[in-house]
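What follows is the residue order along each chain.
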Amino acid sequence: MGKNKLNKVSIFLIILLFVLQKATFAIPVEFYSSISESKDTGMIKMTEDMYFSQLSSLENYEVIDKRPQYFDIDSFTAQKSDENIIFFAEIQEGENSSGWVCILTAIEKKSGKKNMQAKIYDSYYKILLDSKQSLRTLLSVFTNTADTDSNAIKDSVSANIKSQLESQKNIDNQSADNQKNLSIEDIAGNWDGEPYIDKIVIMRGGRGFVIFKNGASMLINITISGNKIHVKQVGKSNASYYPELPRELALKIARDATPIEWSLIQDDKGSLSGTKDTIKPSETVDGEVEKTQISVVWNRKK
């Protein structure tokens, strides 16, 4: 009888130790509402709930539900004493409402370090199958529990999208008058070149992303007529789309700003060059902005 009691006590102590150890090492993750412009609110809610459920099931993490609050990345500053990780998803419909684009973002509060991961899914079922692994890979850069396939996650947005695009078409040498008719396949891939932009991702379906160095992401639509490339912002403007403006001014005008647009052609070296229609501080009225057109060059990322 005494031996049975001793065994029960031992088992209880082992379980208690396990629970305490898990609680001690669990990293708090603040889960914010998902960002989306889709009219399919039911689908967005289902996907958000799925990410919450899968994140809650991961070991070593304690999920703090911040919904229905949206995370304000514009006003974020690193907090050295806060060990929490911020998480939110951006969920958008794919080209012609076919499929879904999911951009997952995690930010370590104490350092301000960001990690982003973007994937394209042709069905909700595939999001379900992939969500747990995507979350584990996204968060592993902040812990010592990295998976074997997560060592190459330093450029996760670029790598994840690139792995899903079909083999990109090599760019042929163009004639001196640059009159070759282009297609989206010719320019699909990853680009950079603007000082405040980390990368531009162009997908074969004519959609893409602009990832800013401040962590913001913008959806874009790409169309081609002959050798002329037109790129246009999709959706409402965000103050983070104007990092070159004073912060107070960007916050003031962002909501009513017209979409940013680019008019580009591909030169004989394969770069995309042309103009960008955006805004700048007014030269005549303090605290206001005016339209401007600047020269830009995008270079293909290797």
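Shown above is the structure to which this text applies.
This section reports on the structure supplied with the text. From a predicted model like this one, the values you see are computed outputs, not experimental measurements.

### Points about the packing of aromatic side chains
Describing an aromatic ring pair means giving the distance of the ring centres and the angle of the ring planes.
Then comes step 1: Applying the stated criterion across every chain, the model contains eight aromatic pairs.
Then comes step 2: Between Phe-212 and Tyr-241 the ring centres are 5.6 Å apart and the planes differ by 15 degrees, which places this aromatic pair in the stacked class. Highlighted residues: Phe-212 in strand β8 (residues 207-212) and Tyr-241 in the loop between β10 (228-234) and α6 (247-253), separated in sequence by 29 residues.
Then comes step 3: Ring pairing ties together the aromatic residues Phe-31, Tyr-51, Phe-52 and Phe-87, which thus form one cluster.
Then comes step 4: Cation over ring: Arg-67 sits above Phe-52, and NZ or CZ is 4.3 Å from the ring centre.

### Some words on the pattern of salt bridges
Then comes step 1: Tallied over the entire structure, the rule returns 14 salt bridges.
Then comes step 2: Close ionic contact of Lys-119 with Asp-130 constitutes a salt bridge, the shortest N to O distance being 3.1 Å. With Lys-119 in strand β5 (residues 114-121) and Asp-130 in helix α3 (residues 124-140), this pair connects stretches of sequence that are 11 residues apart.
Then comes step 3: A salt bridge links Glu-194 to Lys-276; its shortest N-O distance comes to 2.9 Å. Here Glu-194, found in the loop between β6 (189-192) and β7 (197-202), pairs with Lys-276, found in strand β12 (residues 272-281); they are 82 residues apart in sequence, far enough to count as distant. Grouping residues by exposure puts Glu-194 and Lys-276 together as buried.
Then comes step 4: When salt bridges with common partners are traced through the structure, they connect Lys-45, Glu-48, Asp-49, Asp-65 and Arg-67 into a single cluster.

### Describing the nonpolar core
Then comes step 1: With 31 residues, the main nonpolar core has Tyr-242, Trp-262 and Trp-298 as its most contacted residues.
Then comes step 2: The residues touching Tyr-242, leaving out its near neighbours within four places in the chain, are Gln-233, Ser-237, Ala-250, Ile-253, Ala-257, Thr-258, Ile-260, Thr-278 and Ile-279.
Then comes step 3: Counting residues in each nonpolar core, the second largest holds 24 residues, with Met-43, Ile-44, Leu-55 and Ile-85 among its members.

### Quick notes on α3
Then comes step 1: With 17 residues, α3 ought to run about 24 Å at 1.5 Å a step, and its terminal C-alpha atoms sit 24 Å apart, in line with that.
Then comes step 2: Along α3, the sharpest kink reaches roughly 45 degrees, centred on Asp-130.
Then comes step 3: Here α3 has its buried residues at Ile-127, Asp-130, Ser-131, Ser-134, Leu-135, Thr-137, Leu-138, Leu-139 and Ser-140.
Then comes step 4: Looking at the buried residues of α3, the elements they touch are α2 (41-57), β2 (61-65), β3 (85-93), β4 (100-108) and β5.

### Thoughts on the environment of Ile-35
Then comes step 1: Within the element layout of this structure, Ile-35 appears in the loop between β1 (27-31) and α2.
Then comes step 2: When the C-alpha atoms of Ile-35 and Ile-91 are compared, they prove to be 6.2 Å apart, with 56 residues separating the residues in sequence.
Then comes step 3: Not counting residues within four places of it along the chain, the set of residues in contact with Ile-35 comprises Tyr-70, Phe-88, Ala-89, Glu-90, Ile-91 and Gln-92.

### Some thoughts on the packing of α2 against α3
Then comes step 1: Two elements in contact, α2 and α3, have axes whose closest approach is 9 Å; the angle formed by their N-to-C orientations is 45 degrees. In terms of orientation, α2 and α3 fall into the oblique class. At the point where α2 passes α3, the crossing takes the right-handed sense. Contacts between α2 and α3 involve Met-43, Met-46, Thr-47, Met-50, Tyr-51, Gln-54, Leu-55 and Ser-57 from the first element and Tyr-124, Ile-127, Leu-128, Ser-131, Lys-132, Leu-135 and Leu-139 from the second.

### Digging into the pairing of strand β11 (residues 261-266)
Then comes step 1: Only one face of β11 is covered, namely the one carrying Trp-262, Leu-264 and Gln-266; the face carrying Glu-261, Ser-263 and Ile-265 has none of its residues buried.
Then comes step 2: Two strands pair when backbone bridges link them, and β10 and β11 are joined in this way by five bridges, in the antiparallel orientation. Its bridge partner being in β11, Ile-229 is matched across the sheet by Leu-264.
Then comes step 3: Bridge analysis of β11 against β12 gives six bridges, and the strand direction is antiparallel. When the bridges of β12 are listed, Trp-262 appears paired with Lys-276.
Then comes step 4: The antiparallel hairpin formed by β11 and β12 contains five residues in its connecting segment, where Gly-270 sits at a positive phi of about 95 degrees.

Cut-offs applied
Residues numbered from 1 in each chain as written. Predicted model: local features only at pLDDT ≥ 70, side-chain atom pairs only at ≥ 80, totals over all residues. Heavy atoms only, no water. Phe/Tyr/Trp six-rings, centres within 6.5 Å; stacked < 30°, edge-to-face > 60°. Helix = DSSP H or I, 4+ residues; strand = E, 2+ residues; numbered from the N terminus. Lys NZ or Arg CZ within 6 Å of the ring centre and 35° of its normal. Salt bridge = Lys/Arg side-chain N within 4 Å of Asp/Glu carboxyl O. Buried < 20%, exposed > 50% of the residue type's maximum accessible area, 1.4 Å probe, protein only. Core = buried A, V, L, I, M, F, W, Y, C linked by side-chain atoms within 4.5 Å. Contact = heavy atoms within 4.5 Å. Expected span 1.5 Å × (residues − 1). Bend = angle between axes of the 7 residues up to and from the residue. Axes fitted to C-alpha atoms, helices over the stretch in contact; angles between N-to-C directions. Parallel < 35°, antiparallel > 145°, perpendicular 65-115°, else oblique. Left-handed = near helix turned anticlockwise from the far one by under 90°. Pairing = 2+ DSSP bridges.

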